[in-house]
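Read off the chains here:
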Amino acid sequence: MATALTRRGQAVLAAVLLGAAFGYAFGGRSLNAVVVPAAALLLATRLYVWSFQEPEIERVTPREGHQGDRRRVELSVDAGRSYPATVTDALGDGLRGDSRLTTETDGRRLTYEIELASRGVHAVGPCFVEATDPFGLWTVEFRGGDAQLVTVFPRVHALSDTATLLTGYVGMTDEREEFAGVREYERGDPLRDVNWKVSAKHPTSLAVTEYAGEGATDRVTIAAEALGPREDSVAEAAASIAAHLLDAGISVGIVTSTGNLDPANGDPHRRRVLGVLAAFGRGKLRQRHKTEAEIVVHAPESGEHVSVTVGDDDHRYEEFVGGRTSAAPEVSA
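Conventions used here
- Residues numbered from 1 in each chain as written.
- Predicted model: local features only at pLDDT ≥ 70, side-chain atom pairs only at ≥ 80, totals over all residues.
- Heavy atoms only, no water.
- Helix = DSSP H or I, 4+ residues; strand = E, 2+ residues; numbered from the N terminus.
- Buried < 20%, exposed > 50% of the residue type's maximum accessible area, 1.4 Å probe, protein only.
- Contact = heavy atoms within 4.5 Å.
- Areas by Shrake-Rupley, 256 points an atom, 1.4 Å probe, with all protein chains shown as cover.
- Pairing = 2+ DSSP bridges.
- Axes fitted to C-alpha atoms, helices over the stretch in contact; angles between N-to-C directions.
- pLDDT = per-residue confidence, 0-100.
- Polar contact = N/O pair within 3.5 Å; in protein donor to acceptor, adjacent residues only side chain to side chain.
- Salt bridge = Lys/Arg side-chain N within 4 Å of Asp/Glu carboxyl O.
- Parallel < 35°, antiparallel > 145°, perpendicular 65-115°, else oblique.
- Nonpolar A, V, L, I, M, F, W, Y, C, P; charged D, E, K, R; others polar.

What to know about the overall build of the chain
Right, on to step 1. On a plain count of helices and strands, the chain comes out with seven helices and 21 strands.
Right, on to step 2. A buried classification covers 43% of the 333 residues belonging to the chain.
Right, on to step 3. A fraction of 68% describes how many contacts in the chain between residues 6 or more apart in sequence connect residues 24 or more apart.
Right, on to step 4. For the chain, the exposed area adds up to about 17,800 Å²; of that, 51% sits on carbon and sulfur atoms.

Encoded structure:
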């Protein structure tokens, strides 16, 4: 708890001290009519704010969302014995919103909206509760409600028909007539391909049936690298390509200078991929990672256009963009 005089309180204190000085110097008894009541008021209001109990603060924040989304934050401030207060939640640089609220500390639910303005991992909190006496002479501030992190995913763009260059390269196909063999299950393999009859003979592992036209080509790793100031553009491009391939049923992995994931599919994995790209920053990838990846998204140090390398072919990312913000997976608030 931090207690301090307000400007009004400082003015009253100055008047008390000045009056006491004049009274001492000139013996002005009439000053007692001003000095004594003002001093008593300062003391009484100080004891009043000292009696405020530290409130318990509970907050419900969104865990994740896409850049540009708006989300609601809920607060509860309960001090047992209620008193008027101003509640302010600290917001990280990538979040925007009016988090200053006037309330009573009686546990009522407070809500405000934030805009997920910038990609990254940003904090909501701590919370500052400021209360004052009825005369506005003293202010007391409590701090509570630990900071909670919100992951802001990069924007996801719809890809135009030229995105068939990508799906064609990775060999997406519906040909499943010709049996090609059985192999051990790998993370990311669809459950429909599990060969339960063979798996039953090996209780410690699962077997997967392979068909002609399928195989390693339904697993893609995207390498993302930004050497200059275009890391946000690279993150958006990699996120859009990953979402496009995941929608097509392809297992997608991601590798960056700050994190990586093995190829897999499903909505939980989609969120993990977007989470890696939310934390993506400028940095150089090892050449081995770029060589092993099927798709490389790259922005040079000069800050020129973002390139997408598929196999031996280089493209500008703009070739694949068909619109702003495609349908993205629902994220929890």
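From this point, the narrative continues.
Focus on the sheet that holds strand E19 (residues 307–310)
Right, on to step 1. On the basis of which strands lie adjacent, the open sheet formed by six strands has the order E17-E16-E15-E18-E19-E20 and mixed pairing. Every other strand in the sheet has two partners, leaving strand E17 (260–264) and strand E20 (313–316) as the edge strands with one partner each. Between one strand and the next, the sheet's axes are offset by a mean angle of 20°, whatever the strand orientation.
Right, on to step 2. Bridge analysis of strand E18 (residues 295–299) against E19 gives four bridges, and the strand direction is antiparallel. Bridge assignment links His298 to a residue of E19, and that residue is Ser307.

Concerning the confidence of the model for the chain
Right, on to step 1. The predicted model of the chain averages 83 in pLDDT, with 83% of residues at 70 or higher.
Right, on to step 2. Taken together, the stretch residues 172–177 has pLDDT below 50 and engages in twelve contacts with residues farther than four places along the chain or on a different chain.
Right, on to step 3. The low-confidence segment residues 323–333, where pLDDT is below 50, has 28 contacts with residues more than four positions distant or belonging to other chains.

Section: the sheet that holds strand E6 (residues 95–96)
Right, on to step 1. Taken in spatial order, the four strands line up as E2-E4-E8-E6 in an open sheet, and their pairing is antiparallel. On the outer flanks of this sheet lie strand E2 (56–60) and E6, each paired with one strand and no other.
Right, on to step 2. As paired elements, E6 and strand E8 (residues 106–116) share two bridges and run antiparallel to each other. Across the sheet, Leu95 pairs through a bridge with Leu116, a residue of E8.

Side note on the pairing of E19
Right, on to step 1. Judged from the four bridges that link them, E19 and E20 form a sheet pairing that is antiparallel. Looking at E20, one finds that Thr309 is bridged to Asp314.
Right, on to step 2. Between E19 and E20, which pair antiparallel one after the other, the connecting turn spans two residues, and Gly311 there sits at a positive phi close to 65°.

What to know about the side chain of Ser99
Right, on to step 1. Structurally, Ser99 can be placed in the loop between E6 and strand E7 (100–104).
Right, on to step 2. Among the polar contacts made by the side chain of Ser99, one reaches the main-chain carbonyl oxygen of Asp89 at a distance of 2.6 Å.
Right, on to step 3. In this structure, Ser99 is in contact with Val87, Thr88, Asp89, Leu91 and Tyr112, ignoring residues within four places of it in sequence.

Comments concerning the pattern of salt bridges
Right, on to step 1. For the coordinates displayed, the defined rule picks out 15 salt bridges.
Right, on to step 2. The salt bridge involving Glu231 is made with Arg282; its shortest N-O contact spans 3.8 Å. One end of the pair, Glu231, is in helix H5 (residues 231–247); the other, Arg282, is in the loop between helix H6 (267–278) and helix H7 (287–292), and 51 residues separate them in sequence.
Right, on to step 3. Beyond isolated ion pairs, a larger network of salt bridges with shared partners links Arg70, Glu113 and Glu115.

Details of the packing of H5 against H6
Right, on to step 1. At a closest axis distance of 10 Å, the pairing of H5 and H6 adopts a crossing angle of 170°. Classified by the interaxial angle, the pair formed by H5 and H6 is roughly antiparallel. For the pair H5 and H6, the contacting residues are Ala235, Ala238, Ala239, Ala242, Ala243, Leu246 and Asp247 in the first and His269, Arg270, Val273, Leu274 and Leu277 in the second.
Right, on to step 2. Looking at side-chain class alone, the contact of H5 with H6 contains nine nonpolar, one polar and two charged residues.

Looking at the environment of Asp313
Right, on to step 1. Looking at the element boundaries, Asp313 is found in strand E20.
Right, on to step 2. Owing to a relative accessible area of 46%, Asp313 belongs among the partly exposed residues under this scheme.
Right, on to step 3. Distance from Asp313 to Ile295, taken between C-alpha atoms, is 9.9 Å for residues 18 residues apart in sequence.

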